Amino acid sequence: NDPLRGQPALLEVKGNVELKRPLVKASSRLPLSESRLKRGPDQMEDALEPKKKRTRGLDAPTKIATSYPRAPPLTTVPQTTAQKVSKKTGPRCSTAIAAVVKHQKPVPTVAVQKPGTSAVPPMVGGKKPSKRPAWDLRGQLCDLNAELKCCHERTQTLDKENQQLQDQLRDAQQQAKTLGIERGTLEGELARVRAQAEQGQQELKNLSARVLELEARLGTQEGLVQELQKEQLELQEERRQLTSRLEEQERRLQVSEAALSSSRAEVASLQQEAATQAALLAERGERIYGLEMERRRLHNQLQELKGNIRVFCRVRPVLPGEPTPPSGFLLYPSGPGGPSDPPTRLTLSRTDERRGTLSRAPAPTTCHDFSFDRVFPPGSAQDEVFEEISMLVQSALDGYPVCIFAYGQTGSGKTFTMEGGPGGDSQLQGLIPRALRHLFSVVQELSGQGWTYSFVASYVEIYNETVRDLLATGTRKGQGSECEIRRAGPESEELTVTNARYVPVSCEKEVEALLRLAHQNRAVARTAQNERSSRSHSVFQLQISGEHSSRGVQCGARLSFVDLAGSERLDPGLVLGPGERERLRETQAINSSLSTLGLVIMALSNKESHVPYRNSKLTYLLQNSLGGSAKMLMFVNISPLEENASETLNSLRFASKVNQCVIGTAQACRK
């Protein structure tokens, strides 16, 4: 009785009545009106009565063809509608509508009887019902009413299905609208994703730079990789031995396999341990770098507390053949901590012969007290002197400009302090070779922390305000007049000497060879105080450049050792003879440059706006080593002889003025 299992066919009615039109219009899909549905069999019979009368008496039965409209498929969506939705909402929305239609419950279709075919009357009890006689119009009417009722029920079912499809269509259109909104959202998200992609490309460039930096850091661990490769070779050799034993001794196969598996486990353990050691090494490298930076900061703070301008006084010992000075001529009072503290004060006792009386009374003694950062008595050794300045040499390695002077009269031991004594005795080596040895040893230690350093040395002298290259050899020798002090670049503050040799050094032997060459080329003359007196200022400069490649840190500074010419006044240093005028001109140039040095230091101490660096070639060359970002140390060398008391007193007074100066805080030159 289910109307969906098949569509009713045309009803065959045997009789003499022929209906000229079907009971239901073929083009109509709407149900019959309620007034017609509510008619009973009698009313239907009355409606058909005229035809009954006309058809009575006809013998031949007539087939009544009743056709029903073919219903469209209920489970399909019109293609034009789907295309319109697809055009409005895009490919994603059309895909969604297809998904909705796909997941809808299939609506059973009603088979439509083709015109001209007869409907099969229902079977009762599995038997085909007998045909009604042509004169049984009431029975035929009942059959038609039953069939009409079935059609009405089927029409209601189709209306419900139509309503469901319309609801589904509205849902699909709503989903299409939602998907259109979602499409706009996705397009905005696509633009944002493209912006993020561009940002990702920029980050990729940054990561590429980071990769290059990490590759540079990878070089610092090559030593560890080599050790691991060596261990790997040893393990491979062990493995080959085990393999040969396995081939030769069949009966010990299982024992050898156990040993091999044990060896493999040991290799894995060693590799894991190596990875752990590598991580620990990197962690310790970070810690060592931090400690090194902290050490440099504390070291510089300590040097600042000691003062960026310091003055040491050194008294040379009495040489063979010289008279022994009086016992009270030079005194060295103990420090605040007693005799164990290094001396920092010096007292010079001088007898004023001009104040003697005619009665031959003893002349009064005048005591002059001086205080310095450190006083070295005549018995002080070279290593003891260098120990006091080694901290300044370390500051130069840390990136702070350092300048060390040796000031004093001729014959007071300035050159001995700077370069050392003759003969190549290691105990007599001066500050320059000891400083270079100290730098080379410290650099070797720092290389394990990732630091690399390079050193470039130069050695010039300033004679009568003329710069000469002491490292000149061959045809360049004697061409000091061609050397000029110039800036390294248009915007650079660094000064350089044109036509001077700048020699890279990496060991002590190279430095010693340079010192011997400079000693031979330096201008000297015989004076009353010294058989071979230096008549020029010698300036040894070492340019230090350091770099920590893995961290991108660079530092650079210049370490200068200046052996000043004799500071004596005009009369004591002259020897009468043909060269008197030349010696006089040398002395005037020396005293003028030393006076300018004092003025520059005083101007820096007073923070004056103009510092007269250019008044002298010496101060102009040392300009970057005397300013507020530099550390300066002056050795005042004095003679222990009473006959040199006047020059000694002048030297001590000059050094005392320098010791009272204070310049700004030093700053490291780092990039």
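For every chain, the first residue of its written sequence is number 1, and the numbers climb from 1 along that sequence. In keeping with the model being predicted, local features are shown solely for residues with a pLDDT of at least 70 and side-chain atom pairs are shown and tallied solely at 80 or more, while totals for entire chains, interfaces and linings include all residues. Excluded from the side-chain calculation are hydrogens and water; included are all heavy atoms of the structure.

Participant: How do you make sense of the sheet that holds strand β6 (residues 365-371) when you look at a structure like this?
Facilitator: For sheets, the rule is that strands pair by backbone hydrogen bonds, running either parallel or antiparallel. Two strands form a pair only when DSSP identifies at least two bridges running between them. We count a stretch as a helix when DSSP gives it H or I for four or more residues in a row; a strand needs E for two or more, and each element gets its number in order from the N terminus. As summarised here, the arrangement of the three strands in space is β4-β5-β6, forming an open sheet in which the pairing is antiparallel. Lying at the two open borders of the sheet, with one neighbouring strand each, are β4 (330-331) and β6. One ladder, built from seven bridges, connects strand β5 (residues 345-351) with β6; its direction is antiparallel. Counterpart to Leu-346 in the pairing with β6 is Phe-370. Packed on one face of the sheet, helix α13 (residues 645-659) meets β5 and β6 and runs near 35° to β6. In this analysis, two residues are considered to be in contact whenever any of their non-hydrogen atoms come within 4.5 Å of each other. Angular values range over 0 to 180 degrees, each being the angle between N-to-C directions of two axes fitted as lines to C-alpha atoms, with helices fitted over their stretch in contact.

Participant: How do you make sense of the pairing of strand β8 (residues 402-408) when you look at a structure like this?
Facilitator: Relative accessible area decides the class of each residue, using a 1.4 Å probe on protein chains only: under 20% of the type maximum gives buried, over 50% gives exposed, and in between gives partly exposed. Within β8, seven of the seven residues are buried, which leaves it mostly tucked inside the rest of the structure. Residues Val-402, Ile-404, Ala-406 and Gly-408 point to one face of β8 and Cys-403, Phe-405 and Tyr-407 to the other, with burial holding for every one of them. Summarising the sheet, β8 and strand β17 (residues 553-563) pair through five bridges and their orientation is parallel. Looking at β17, one finds that Cys-403 is bridged to Ser-560. As paired strands, β8 and strand β18 (residues 631-638) are joined by seven bridges and run parallel to one another.

Participant: Explain empty space enclosed by the protein to me, please; I cannot follow it from the model alone.
Facilitator: A probe matching the size of a water molecule, rolled over the atoms, marks out where space remains unfilled. Site definitions follow a grid-based scheme: protein atoms alone, a 1 Å grid, a 1.4 Å probe that fits but cannot get out for cavities, and for pockets an open set with protein on both sides within 12 Å along at least five of seven lines, plus lining residues having an atom within 4 Å of a point. Grid points are joined across faces, edges and corners, and a volume is the space filled by probe spheres set on the points. Scanning the entire structure with this criterion turns up three cavities of 30 Å³ or more. Computed from the structure, the second largest cavity encloses a volume of approximately 40 Å³. Listed by contribution, the elements that provide at least two residues to the lining of the second largest cavity are β9 (451-463) and α11 (580-605). The leading source of residues in the lining of the second largest cavity is α11, at four residues.

Participant: Would you take a moment to explain the confidence of the model for the chain for this structure?
Facilitator: The predicted coordinates of low-pLDDT regions are not to be read in fine detail. pLDDT runs from 0 to 100 and stands for how confident the predictor is about each residue. Confidence along the chain averages 76 in pLDDT terms, with 70% of residues attaining 70 or more. Taken element by element, the predicted model of the chain shows its lowest mean pLDDT in strand β1 (residues 10-11) (37) and its highest in strand β13 (residues 503-505) (94). This stretch, residues 1-127, has a pLDDT under 50; its non-local contacts, to residues over four places away or in other chains, come to 161 contacts. A low-confidence stretch, residues 525-533 stays under pLDDT 50, and its non-local contacts, those more than four residues away or across chains, total 27 contacts.

Participant: Mind showing me how you'd approach the environment of Tyr-400 here?
Facilitator: Summarising the element assignment, Tyr-400 is placed in the loop between α7 (382-397) and β8. A relative accessible area of 7% places Tyr-400 in the buried class. Between the C-alpha atom of Tyr-400 and that of Ala-630, which follows or precedes it by 230 residues, the distance is 6.1 Å.

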